[in-house]
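For reference, the chains in residue letters:
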Amino acid sequence: MRRVDWGCALLWLASTAQAANVDEAAFRFNATITVRQPAAFIALPLPVSAYARSLQPALNDLRIVDARGERVPFALLPTRASQAQPGELLRDAQLYPLPPKPTAGGPWPSPVEVRVDGDRISVKRRAGPSVASDGAHAAGWLIVLGERQPQDPPPQSLRMQWSGPAEFSAAFDVETSDDLRQWRPGGSGQLMALTSPSGTLAQPSVVLPGRAGRFIRLVWSDPSTAPRLTGAKAVASQPRHVTLDPPTEIRVAASPEPPSQTASTANAPPALHFDLGGALPLVQLDLQWSAGTHVAPVRLQGRNRSDEAWHEFASAVFYRLERGAAVSTSPPLALHATARFVRVVPDPRAAALDAAQTQLVVQAQLATLVFAAQGQPPYRLLAGSAQAGASALAVGTLVPALADERARFGEASLGEWSEVEEVVRREQARQRVAAMRPWLLWAVLLAGVAGLGFMVWRLVRGAAPA
């Protein structure tokens, strides 16, 4: 029975040795944080190397310490959604100088002719005597806005261009029409240019009414004060969406796939294997080729560790089409997944993928840490502990008034990673113990069997003389 007790003791020691010393000393990797712009709160974008050295999901084993080894509070910044910002859509407009206005009050002759051909409308200058071609001393201008597509926003103003004089102030009236026959009043305004020691001050805008037609007639109140117009642009309001926290683009070449013990991957058709370097949060994925025409219907698979089974991401068709000098490519595939290894399995009915010409391009939403600049710098980032508890605070707990404070964040970058030798030795010892554990178990079982056999032998021997 003593042999059995000693075997159990050995197993107990092997299991408890792994759970001891789970603190800063258990972090295998550390990197120096270089503060480039000091502030009360400092933002640190995480590179792919931080994901490669993290051993827990959601980066739970990251920790920041100062020069004395004291903890520094930090939080993970949430990704901001895209923001709509005001923008402008500019389109060139055509300018035609107006002939003198009839004194008898008849219709004002148009300097252009309009021809309708089905859905197409063409405008050209009318033949015959008119004002000077440069528009000098013209009574006004006919401005043709051109064809507008249904999805285009309506123009809200005109931005005028002129060649001189350097200073002027010219009042005008605006009229608008859809057919050059019926005109609607569109208000009035003034173009102006002034010189000053700091530069030229100009007012080049002509505000258009809400329902501006295809044709705009700008009539000078006093042609002698008017500038010589050289061009005009129709200005429409078009809000644009700006990505405040853009993802990081990562290009990866194909690499050999580790041998798998599962039948599903062993019997799979030839595929391309890509190692992203860490379990990254992916938002986009694309296949790109260096040359030629390629059409690749594929299935996309991913996993975080080489000993895991593959799980399906999606199915997609990627292509690169050469048409002479023009090249067309497929749009990237949007997805939300976390993976370190990506496997691209081609359709059996399609051509095999050439690893030398095929490149995987992913967009990963890498995290950004923000930490309080407290304690004694320099700061270090620790990673690589399978047992450490999560250290990140809620961002609202760490940073008061985050929306206002974000603009005042300092900046920092991460240096090279190094390993802690003591933790490396401890991990190697743990792996040796783990490798010996089956042998220890067999030794305990054999010792137990031997002890039971010895007891049976003793019993049989004692019963034989009787």
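Residues numbered from 1 in each chain as written. Predicted model: local features only at pLDDT ≥ 70, side-chain atom pairs only at ≥ 80, totals over all residues. Heavy atoms only, no water.

**Q** Sorry if this is basic, but what is going on with the overall build of the chain here?
**A** When you go through the chain residue by residue, the secondary structure sums to six helices and 27 strands. Look at the contacts in the chain between residues 6 or more apart in sequence, and 80% of them connect residues 24 or more apart. Split by element, the accessible area of the chain, about 27,200 Å² in all, is 55% carbon and sulfur. (Helix = DSSP H or I, 4+ residues; strand = E, 2+ residues; numbered from the N terminus. Contact = heavy atoms within 4.5 Å. Areas by Shrake-Rupley, 256 points an atom, 1.4 Å probe, with all protein chains shown as cover.)

**Q** Whenever I open this one, empty space enclosed by the protein confuses me. Can you help?
**A** Rolling a probe over the atoms, with the probe sized like a water molecule, indicates the empty space that remains. Under the counting rule described, the total for this entry stands at one cavity of 30 Å³ or more. Along the walls of the largest cavity sit Leu98, Trp108, Pro109, Ser110, Pro111, Leu142, Leu180, Trp183 and Arg217, which together make up its complete lining. Split into classes, the residues belonging to the lining of the largest cavity amount to seven nonpolar, one polar and one charged. (1 Å grid on protein atoms, 1.4 Å probe; cavity = no way out; pocket = protein on both sides within 12 Å on 5 of 7 lines; lining within 4 Å. Points joined across faces, edges and corners; volume = space filled by probe spheres on them. Nonpolar A, V, L, I, M, F, W, Y, C, P; charged D, E, K, R; others polar.)

**Q** Could you clarify how one ought to interpret unusual backbone geometry in this entry?
**A** Backbone geometry follows two general trends: most residues other than glycine have a negative phi, and most peptide bonds adopt the trans configuration. Here the bond from Gly164 into Pro165 is cis, since omega is 0 degrees, no more than 30 degrees from zero. With respect to the helices, strands and loops of the structure, Pro165 is situated in the loop between strand E10 (157-162) and strand E11 (168-177). Here Pro377 and Pro378 are connected by a cis peptide whose omega angle stands at 5 degrees. With respect to the secondary-structure elements, Pro378 resides in the loop between strand E25 (368-372) and strand E26 (379-383). The residue Leu59 is not glycine, and still its phi comes out positive at about 60 degrees. Along the polypeptide, Leu59 turns up in the loop between helix H2 (48-53) and strand E3 (63-65). With a relative accessible area of 12%, Leu59 lands in the buried category. At Leu180, a residue that is not glycine, the phi angle is positive and equals roughly 70 degrees. (Buried < 20%, exposed > 50% of the residue type's maximum accessible area, 1.4 Å probe, protein only.)

**Q** In this structure, what is going on with a nonpolar patch on the surface? I would like to understand it.
**A** Together, Leu452, Phe454, Met455 and Trp457 line one region of the surface with nonpolar side chains, adding up to about 450 Å² of accessible area. Of the residues examined, Phe454 reaches a relative accessible area of 47% and is grouped as partly exposed. (Patch = residues over 30% accessible without salt bridge, like charges linked within 9 Å, V, L, I, M, F, W, Y side chains within 5 Å. Salt bridge = Lys/Arg side-chain N within 4 Å of Asp/Glu carboxyl O.)

**Q** What is the right way to look at the pattern of salt bridges in this model?
**A** For side chains of opposite charge, pairing can occur when their charged atoms come near one another. Scanning all chains against the criterion turns up 18 salt bridges. Between Asp275 and Arg340 there is a salt bridge whose closest N-O contact spans 2.9 Å. Linking Asp275 in strand E19 (residues 272-289) with Arg340 in strand E23 (residues 333-346), this pair joins segments that are 65 residues apart in sequence. Assessed through its relative accessible area of 30%, Asp275 is described here as partly exposed. Judged by its relative accessible area of 24%, Arg340 falls in the partly exposed class. Here Asp347 and Arg349 are joined by a salt bridge, their closest N and O atoms 3.0 Å apart. Residues joined by salt bridges that share partners form a network here, namely Arg305, Asp307 and Glu308.

**Q** It is not clear to me how the layout of surface pockets should be interpreted in this structure. Could you clarify?
**A** Counted as a void, the largest pocket has a volume near 620 Å³. If you go around the largest pocket, you meet 23 residues; those closest to its centre are Tyr51, Ser54, Gln56, Pro57 and Ala279. Secondary structure elements with two or more residues in the lining of the largest pocket: H2, E19 and E23. Ranked by residue count, the leading element in the lining of the largest pocket is E23, at three residues. A breakdown of the residues in the lining of the largest pocket according to their chemical character gives 13 nonpolar, seven polar and three charged.

**Q** Looking at this structure, I do not really get the confidence of the model for the chain. What am I missing?
**A** In regions of low pLDDT, the predicted coordinates are not meant to be interpreted in detail. Model confidence for the chain is summarised by a mean pLDDT of 83, while 83% of its residues fall at 70 or above. Across the chain, the element-wise mean pLDDT spans from 43 in helix H1 (residues 2-19) up to 97 in strand E2 (residues 41-45). Note that pLDDT drops below 50 for residues 1-25; the model gives that stretch 25 contacts with residues more than four away or on any other chain. Residue range residues 261-266 is modelled with pLDDT below 50. Its contacts to residues more than four positions away, or to other chains, number three contacts. (pLDDT = per-residue confidence, 0-100.)

**Q** Before we go on, may I ask you to explain the sheet that holds strand E20 (residues 294-303) in this structure?
**A** Spatial ordering of the open sheet is given by E18-E24-E19-E23-E20-E21-E22, a layout of seven strands whose pairing is antiparallel. Edge positions in the sheet fall to strand E18 (248-253) and strand E22 (326-329), since each has one partner strand and no second. Sheet twist, expressed as the mean angle between neighbouring strand axes with direction ignored, is 40 degrees. Of the pairings in the sheet, the one linking E19 to strand E24 (residues 358-364) comprises seven bridges and is antiparallel in character. Bridging across to E24, Asp286 finds its partner in Val361. (Pairing = 2+ DSSP bridges. Axes fitted to C-alpha atoms, helices over the stretch in contact; angles between N-to-C directions.)

**Q** Hey, could you run me through the sheet that holds E2 in this one?
**A** The strands that make up a sheet pair up through hydrogen bonds in the backbone, lying either parallel or antiparallel. Read from one edge of the open sheet, seven strands run E3-E26-E1-E27-E2-E25-E4, paired in mixed fashion. Two strands in the sheet have a free side with no partner beyond their single neighbour: E3 and strand E4 (74-76). Strand-to-strand twist of the sheet, defined as the mean angle between neighbouring strand axes without regard to direction, takes the value 30 degrees. Sheet analysis places strand E1 (residues 29-37) next to E26, joined by five bridges and oriented antiparallel. Bridge pairing in E26 links Thr32 to Arg380.

**Q** What's the story with the packing of aromatic side chains in this structure? I'm lost.
**A** Each aromatic ring pair is characterised by the separation of its centres together with the angle its planes make. The full count for this structure, using the stated rule, is three aromatic pairs. Summarising the aromatic geometry, the rings of Trp162 and Phe168 are spaced 5.0 Å apart at their centres and angled 85 degrees between planes, so their arrangement reads as edge-to-face. One residue, Arg53, lies across the ring of Phe29, its end atom 5.6 Å from the ring centre. Above the ring of Trp183, the side-chain terminus of Arg217 is found at 4.0 Å from the ring centroid. (Phe/Tyr/Trp six-rings, centres within 6.5 Å; stacked < 30°, edge-to-face > 60°. Lys NZ or Arg CZ within 6 Å of the ring centre and 35° of its normal.)

**Q** Looking at this structure, I do not really get the environment of Val206. What am I missing?
**A** Looking at where Val206 falls in the secondary structure, it is placed in strand E14 (residues 205-207). Overall, Val206 belongs to the buried group, its relative accessible area being 0%. It is 8.4 Å that separates the C-alpha atoms of Val206 and Ser188, two residues lying 18 residues apart in sequence. For Val206, the residues in contact, after removing those within four places along its chain, are Ser157, Leu158, Met160, Phe172, Val174, Leu191 and Leu218.

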